[in-house]
Amino acid sequence: MRNEHWMFDDAMNERIRSTHVPDGRVVDVTPVLQVTRNVLSHIIPNINLSMNGHIDASDDQTNLSAVDGAHDALHKICCELSCMCSRGGDAHATTMAIFNMLSSYSWGAKVVLTLAAFAVNFGEFWLIAQLCTSNSLAKSVALLKQPDILEHSQTLKSHFDALSKLINAMVDVTKCIVELTELPSKYISIDEQPFSTAMAHIHTATYWIISSVVACTRQITGLIGFPISTSEAWELSSLAHKVSSIHEHLQSRLRLCYARIDEKKLMEAFEHFKRTIETPQVDNLMILQNIFGKEKNLLNPDRAEAYINVLRRKHVLLLISDLDISQEEIRVLEDVYKERGSSGLNYEIIWLPIVDRTTWNNGYQEKFSTLQSIMSWYTVSHHVAIEPAVIKYIREEWGFVKKPIAVTLNPQGKVLSPNALNMMWIWGNSAFPFSSEKEESFWKAEPWTLDLLVGRVEPNLPTWVSQQKVVCFYGGVKMEWIESFTTATKGVANALDIGIEMVYVGKKNARERVKKITGLIKEKELSHAWEDDNVWFFWNLLESMLYSKTQHGKTIENDVINQEVMTMLGYDSSKNGWAVFYTGSGEMVKANGEKVLSTMESFGQWEKLAKQMGFIPALRKKLEGVIDNHHCTRLILPGNGGRIPERVQCAECGRPMKLDFLYSCFAD
């Protein structure tokens, strides 16, 4: 630490420490400090000494008779201060005399008792000064005890500001010393930083508090007949500066100590919650109570208060998100949630918002309330309802960063899946009870078909398949390519006399551009085009499939569905368009925009082949012969949506893809 102007050399430090010989007595200084602050707050009403502002005499209910030895010590210090002033003693000698007088007390007790003695002397003086002009008894006492008080009472104001600053600083440092000496040893020890640094200077801080009390007592004495010299007036200002600097130092150390204590308490609570949730329970109530701590009430779907007991022994999904959860996510989840009744399923959802309490403001509160109003399931009644240790567990053990997750608990509180949203998007309520085992069994029985991908989004697909039409789904945001591609593809279909339906599925994370292009496609009657919700769901479904597969150890090398999904996501991550062609017989072919457009525009070269083999087999063969002039594709995945595959192969050429980091704005 830098050499502060209030620090002493080693010899002086040793002199102060040598006076400290505690005998083990424990004095509760809190009530003494409270009364002292009350006394001083009456004298200096603009000083922040009390817990609740101005305090009337009737408010002070503290009984000091129970404070062991406090009255005797106060009396001795008061006498020492009075004798020093009457005989004009040396301030340092008086300070050290008080140290010796309080040798058996703790550092906190030393400063509190000395400050209390000052409050007694200052309080007596102030009472007489206040009442001597209106109360005959006070006037008589003033004439006997303080003969010059009437003469000097009008000059009091000129000295009051200097006293106020120093007294304020003295009380602040005293509070810091008391807080430091009362920090719980369970969470912080004298040997560890930052506590050790603070305690290393506590004796110096104590010296300057006692020395300041001596100086202030001299100042008050000067007002009643002992004139104050210029050097003594300067001393008050210098002391105020020293004591304020000490307060800044101790306060910064104290903040660090509290941060360390909070960190250890958080870890203790975290380990407790971890043990609780990983230990078999009779029901889920203890888990839920640990999540919400003191907050026992929720808001039910009707926005009425409900006690947490209503969820006992039910399947519960913990919907975890920040305040940026999209309305599309809420709407899709709501569809699944409402369907549970018709399926005879008994589960509930609770929204657990993860927010930064330190930056909370009215804007966040309005956003929080708006989200509550559109959710048809249970929500927390207040944004700080979730225990901090639980939030730490959610982030570290369940992997929540930003993208919403849904943790499933069975009626006994056992975690069935750390994120059930993926299987809810893919299979809906048929995946209940939304366990990892259920998810894995579904994938084992699930073949790769276009129906798996778009069956819940495109209601016309079964009809088109039954009519033996070719169905083309395509995406991208270049209008020139879209017009060229749809026109060329329709021309090929006409030449082959086959029915074709084309559907524009947009692009991930490009809402406004997709909306504009959708309007143009419909206006020019180029093809079908999905609305916003379907576009969002399609791309979210693809990502959900990837994360669900990755969670179960599937990679692009060993899983067909993973290969197809990553190919589609890779197409979307590129700057160009793409297309997938599909028939009811299960035939499928896909390609990026440049390849498929050039192939359609050169239809004359493979028309004969198409009439012999059929449209899709011929198209596949033709696409295989088209060579890219650049690297195949790229793949952009949200870094907080699930467990990202460590190794990814290019879906086009099979070569390993290079891993880069891309930071993009959350907004569209």
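Being a predicted model, the structure only gives us computed values, none of them experimental. (Residues numbered from 1 in each chain as written. Predicted model: local features only at pLDDT ≥ 70, side-chain atom pairs only at ≥ 80, totals over all residues. Heavy atoms only, no water.)

Please give an account of the environment of Trp539 that cites residues and values.
Mapped onto the elements of the fold, Trp539 is located in helix H22 (residues 532–551). Here the alpha-carbon distance between Trp539 and Asn509, two residues 30 residues apart in the chain, equals 9.0 Å. With near-sequence residues (within four places) excluded, Trp539 lies in contact with Val505, Gly506, Lys507, Lys508, Met568, Leu569, Asp572 and Trp578. (Helix = DSSP H or I, 4+ residues; strand = E, 2+ residues; numbered from the N terminus. Contact = heavy atoms within 4.5 Å.)

Tell me about the nonpolar core, residues and numbers included.
Leu318, Phe485 and Phe581 are the most contacted members of the largest nonpolar core, which has 130 residues in total. Top element by residues in this core is H22. It accounts for 9 residues. Viewed by domain, this core spans two of them, domain 2 (284–445) and domain 3 (450–657), each represented by three or more residues. Membership of the second largest hydrophobic core comes to 73 residues, among which are Phe125, Val178, Ala198 and Cys257. (Core = buried A, V, L, I, M, F, W, Y, C linked by side-chain atoms within 4.5 Å. Buried < 20%, exposed > 50% of the residue type's maximum accessible area, 1.4 Å probe, protein only. Domains from an automatic or database assignment.)

Before we move on, could you go through the sheet that holds strand E3 (residues 315–321) and cite the residues and values that matter?
Spatial ordering of the open sheet is given by E2-E1-E5-E4-E3-E6-E7, a layout of 7 strands whose pairing is mixed. Bordering the open sheet on either side are strand E2 (305–307) and strand E7 (415–417), each of which pairs with just one other strand. Pairwise comparison of adjacent strand axes, ignoring direction, gives a mean angle of 35° for this sheet. Of the pairings in the sheet, the one linking strand E1 (residues 297–299) to E2 comprises 3 bridges and is antiparallel in character. Across the sheet, residue Leu298 finds its bridge partner in E2, namely Ala306. (Pairing = 2+ DSSP bridges. Axes fitted to C-alpha atoms, helices over the stretch in contact; angles between N-to-C directions.)

Explain the pattern of salt bridges to me, using residue names and the numbers behind them.
Scanning the entire structure with this criterion turns up 21 salt bridges. With a shortest N-O distance of 3.9 Å, Lys403 and Glu543 are connected by a salt bridge. Taken together, the residues Lys403 in the loop between helix H15 (388–396) and strand E6 (405–409) and Glu543 in helix H22 connect sequence positions 140 residues apart. With respect to burial, Lys403 and Glu543 carry one shared label: buried. (Salt bridge = Lys/Arg side-chain N within 4 Å of Asp/Glu carboxyl O.)

Worth remembering: the numbers are spatial, not functional.
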